[in-house]
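Inside the fold
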Amino acid sequence: GGVWSFSKWDDGNTSASRSLTVPAGSELLGVSFVAIYTGQSRLTVNSTVAGLSVTVDGAACTTPCSVLRPVGAQVDVSAPASVAQGDASRQDFLGWSTNGGSTVPGDFVAALNNPTTTINAAYHLMNRLTAAANPPAGVQWSILPGSPDGFYDSQTQVSLAVTPRPGYKFANWSGDLAGTAPSGTLTMTVPRNVVAQLNSVPYISSPALNNAAGVTPQQAVAAGSVASLFGLNLASTAVIGPSSPLAQTLAGATVHIGANYLPLYFVSPTQINLQVPPDLAPGQQTITVSAQGMPDVSANFLIARNAPGLFPMNLGGQSYALALHEDGTLVTPDKPATRDELLTVYGTGFGPTDHTRPFGFPVPAKPPYLVLDPVSAQVGASTLTVESAYALPGSIGVDAVQFRLDSTVPSGANLSFLLVVNGVNSNRLLLPVK
């Protein structure tokens, strides 16, 4: 099985074919030539992928192929790291085996010391797993073992599980998994595709109710105040209800605490604004949202006697208190509050009034509905006594406070401003002062 290659004649001539004139006297001495050959090694390159293009010392070679090199010469054979086989499968290189031996990763680099050497490029089949959810954002996936690109060895068993995100419920699998359990196992002998099918369900964020003015220091709302409920799939569409009286049903959605259905300002799939019942006792309560065609969803929240929140006004990227000058115009950085003028600020959740607030109907102009608990205003480092605190006539759930700036308040700045009702702080906003 060896291969020999002509090298030269014994007289140094390197031409394998030569012509000569027999010299005189040769009939006595004869003519003698020796053809000198050197041993060659044959390298045969195979692969588990048919027609694989490899390189031998940088030259292309399509398997199966063979090359000749002098015995003892070093050779470098490399194979591609991956070979695509359609969109969802590929062959990944494992390494080279020599004369049927074990597989060694990397290039084949060796001296060819034997007459014949056979090497084989070993590959393994990889198949892609495609996992999706309908709708896409509805679940959190757990896939073990993990894969950076979704491809797995064809013998790998993969475990899949989904955890529905808020607002969704797992229904069933489609594709290469079946059933209503939110987990399953696949063997990746072929490309696989699975889809987690989900149903939309209502969801209420925590805390269930928030002061409609914004984020306040305590996670509670006051009876009779305006509150916001946040979540998912709370209503079929966004609808603003009538201003007076407030409706108890908007876009097929109702909200109730026990048997008490709440007046609604606004509903949408992600937010509902409502009035908290004025006679609700402090402590933990349960609120329920019923959306048409959806299961009911309930959550707990806290009622506090006082849970003040100031309505903000956003100007130039900063939040200012919604405040009016004595002439009824807005207090703004261009038109700041002045000392001794009567200022009015608005919020909700200041607590009970000396007359029980109407439920779902505007506060009448007379008599005044005065806030029962003490209220003070903090402007910068100054604590100011308010002149009046009351439920705003003609509105539902809105409170107002009136006060004057005194000589202790510094001028020419946007000052920190908050209200303190019965020892409970409101949210902190800015008040421009001249």
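Residues numbered from 1 in each chain as written. Predicted model: local features only at pLDDT ≥ 70, side-chain atom pairs only at ≥ 80, totals over all residues. Heavy atoms only, no water.

**A closer look at the pairing of strand S11 (residues 116–134)**
One face of the sheet, then the other: side chains in a regular strand alternate in exactly this way. Note the threshold: Note on pairing: two strands pair once DSSP finds at least 2 bridges between them. The numbering of helices and of strands both runs from the N terminus, where a helix is a DSSP run of H or I of at least 4 residues and a strand a run of E of at least 2.
Here strand S2 (residues 35–47) runs beside S11; their pairing, made up of six bridges, is parallel. Within S11, the position partnered with Ser47 by the bridge is Ala121. Relative to strand S13 (residues 151–153), S11 runs antiparallel, the two being bridged by three bridges. Across the sheet, the residue bridging to Met126 is Asp153, located in S13. As judged from the six bridges shared by S11 and strand S17 (residues 192–200), these two strands associate in the parallel manner. Bridge pairing in S17 places Asn134 opposite Gln197.

**Details of the pairing of strand S38 (residues 413–421)**
As defined by bridge partners, strand S34 (residues 375–379) adjoins S38 across five bridges and the pair is classed as antiparallel. Paired with Ser376 across the bridge in S38 is Val420. Direction of pairing for S38 relative to strand S40 (residues 429–433): antiparallel, over a ladder of five bridges. From the neighbouring strand, Leu415 faces S40, where its bridge partner is Leu431. Pairing of S38 with strand S39 (residues 424–425), which is carried by two bridges, proceeds in the antiparallel orientation. Bridge pairing in S39 places Val420 opposite Asn425.

**Points about the state of the cysteines**
Heads up, the condition is: When two cysteine sulfur atoms lie within 2.5 Å, the pair is treated as a disulfide. Throughout this description, buried means an accessible area under 20% of the type-specific maximum (1.4 Å probe, protein chains only), exposed means over 50%, and partly exposed covers the range between.
Scanning the model with the defined rule gives one disulfide in all. Here Cys61 is linked by a disulfide to Cys65, with a sulfur-sulfur distance of 1.6 Å. Residues Cys61 and Cys65 are joined by a disulfide whose S-S torsion is about 130 degrees; by sign, that bridge is right-handed. Look at Cys61 and you get buried, because its relative accessible area is 9%.

**Details of the sheet that holds strand S27 (residues 283–291)**
In space, the five strands of this open sheet follow the order S20-S28-S27-S23-S24, with mixed pairing throughout. Taken across any chain shown, the strands that pair with only one partner, and hence form the sheet edges, are strand S20 (221–222) and strand S24 (260–261). Relative to S24, strand S23 (residues 253–257) runs antiparallel, the two sharing two bridges. Of the residues in S24, the one forming a bridge with Ile257 is Asn260.

**As for a nonpolar patch on the surface**
Applicable threshold: Nonpolar side chains (Val, Leu, Ile, Met, Phe, Trp, Tyr) within 5 Å and like charges within 9 Å form the patches, drawn only from residues with over 30% relative accessible area and no salt bridge. In this description, accessible areas are obtained by the Shrake-Rupley approach with a 1.4 Å probe, and a residue is regarded as covered only by the protein chains that are shown. Salt bridge, as used here, is a side-chain nitrogen of Lys or Arg placed within 4 Å of a carboxyl oxygen of Asp or Glu.
On the surface, Leu20, Val22, Val31 and Phe33 cluster together into a nonpolar patch covering about 350 Å² of accessible area. Position of Phe33 relative to the elements: it lies in the loop between helix H1 (26–29) and S2.

**Points about the packing of aromatic side chains**
So the rule is basically this: Side-chain rings of Phe, Tyr and Trp (the six-membered ring for Trp) are treated as a pair once their centres are within 6.5 Å; stacked means planes under 30 degrees apart, edge-to-face means over 60, and tilted covers the remaining angles. Over a ring means this: the NZ of a Lys or the CZ of an Arg is within 6 Å of the ring centre and within 35 degrees of the ring normal.
The tally for this structure, following the rule as stated, stands at eight aromatic pairs. Ring centres of Trp9 and Phe33 lie 6.2 Å apart, and the angle between their planes is 75 degrees; this geometry places the pair in the edge-to-face category. Taken as a pair, Trp9 in strand S1 (residues 3–9) and Phe33 in the loop between H1 and S2 lie far apart in primary sequence, 24 residues in all. Lying across the ring of Phe151, Arg90 places its NZ or CZ 4.3 Å from the centre.

**As for unusual backbone geometry**
The omega angle of the peptide bond from Asn134 to Pro135 is 5 degrees, so this bond is cis rather than trans. Cis geometry is adopted by the peptide bond preceding Pro245, which originates at Ser244 and carries an omega value of -15 degrees. Note on placement: Pro245 falls in the loop between strand S22 (239–240) and S23. Backbone geometry places Asn99, a non-glycine residue, at a positive phi of 50 degrees. Tracing the backbone shows Asn99 in the loop between strand S8 (89–98) and strand S9 (103–104).

**Topic: the environment of Ile287**
Within the secondary structure, Ile287 sits in strand S27. As a C-alpha pair, Ile287 and Leu372 span 85 residues in sequence and 27 Å in three-dimensional space.

**Observations concerning the nonpolar core**
Just so we agree on the cut-off: Among buried residues, the Ala, Val, Leu, Ile, Met, Phe, Trp, Tyr and Cys ones that are joined through side-chain atoms within 4.5 Å form a nonpolar core. Should any heavy atoms of two residues lie within 4.5 Å, those residues are considered in contact.
Judged by nonpolar contacts, the single largest core of 27 residues is most densely connected at Leu209, Ile272, Leu274, Ile287 and Phe301. Ranked by residue count, the leading element in this core is strand S28 (residues 297–304), at four residues. Those residues within four positions of Phe301 in sequence are excluded, and the remaining contacts are Ala208, Leu209, Val221, Ile257, Leu280, Gly283, Gln284, Gln285, Thr286 and Ile287. Membership of the second largest hydrophobic core comes to 26 residues, among which are Val331, Leu384, Leu415 and Leu429.

**Some details on the pattern of salt bridges**
All chains considered together, the criterion is met by eight salt bridges. Salt-bridge contacts for Arg18 lead to Asp11; the nearest nitrogen and oxygen are separated by 2.9 Å. Judged by its relative accessible area of 30%, Arg18 falls in the partly exposed class. A salt bridge links Asp399 to Arg357; the shortest N-O distance between them is 2.6 Å. Of the two residues, Asp399 is situated in strand S37 (residues 399–404) and Arg357 in the loop between strand S33 (342–348) and S34; the sequence distance between them amounts to 42 residues. Just as Asp399 is buried, Arg357 falls in that class too. By sharing partners, the salt bridges in this structure join Arg90, Asp92 and Asp149 into a single network.

**Thoughts on the environment of His256**
To be explicit about the condition: Polar contacts, as used here, are pairs of N or O atoms within 3.5 Å; protein pairs need one atom able to donate a hydrogen and one able to accept it. Residues neighboring in sequence count only if both atoms are side-chain atoms.
Tracing the sequence through the fold places His256 in strand S23. Residue His256 is classed as buried on the basis of its relative accessible area, which comes to 13%. As a C-alpha pair, His256 and Arg339 span 83 residues in sequence and 46 Å in three-dimensional space. The residues touching His256, leaving out its near neighbours within four places in the chain, are Tyr261, Leu262, Thr286, Ile287, Thr288 and Ser290. A distance of 2.8 Å separates the side chain of His256 from the backbone oxygen of Gly258, its partner in a polar contact.

Remember, this is a structural readout, not a statement about activity or role.
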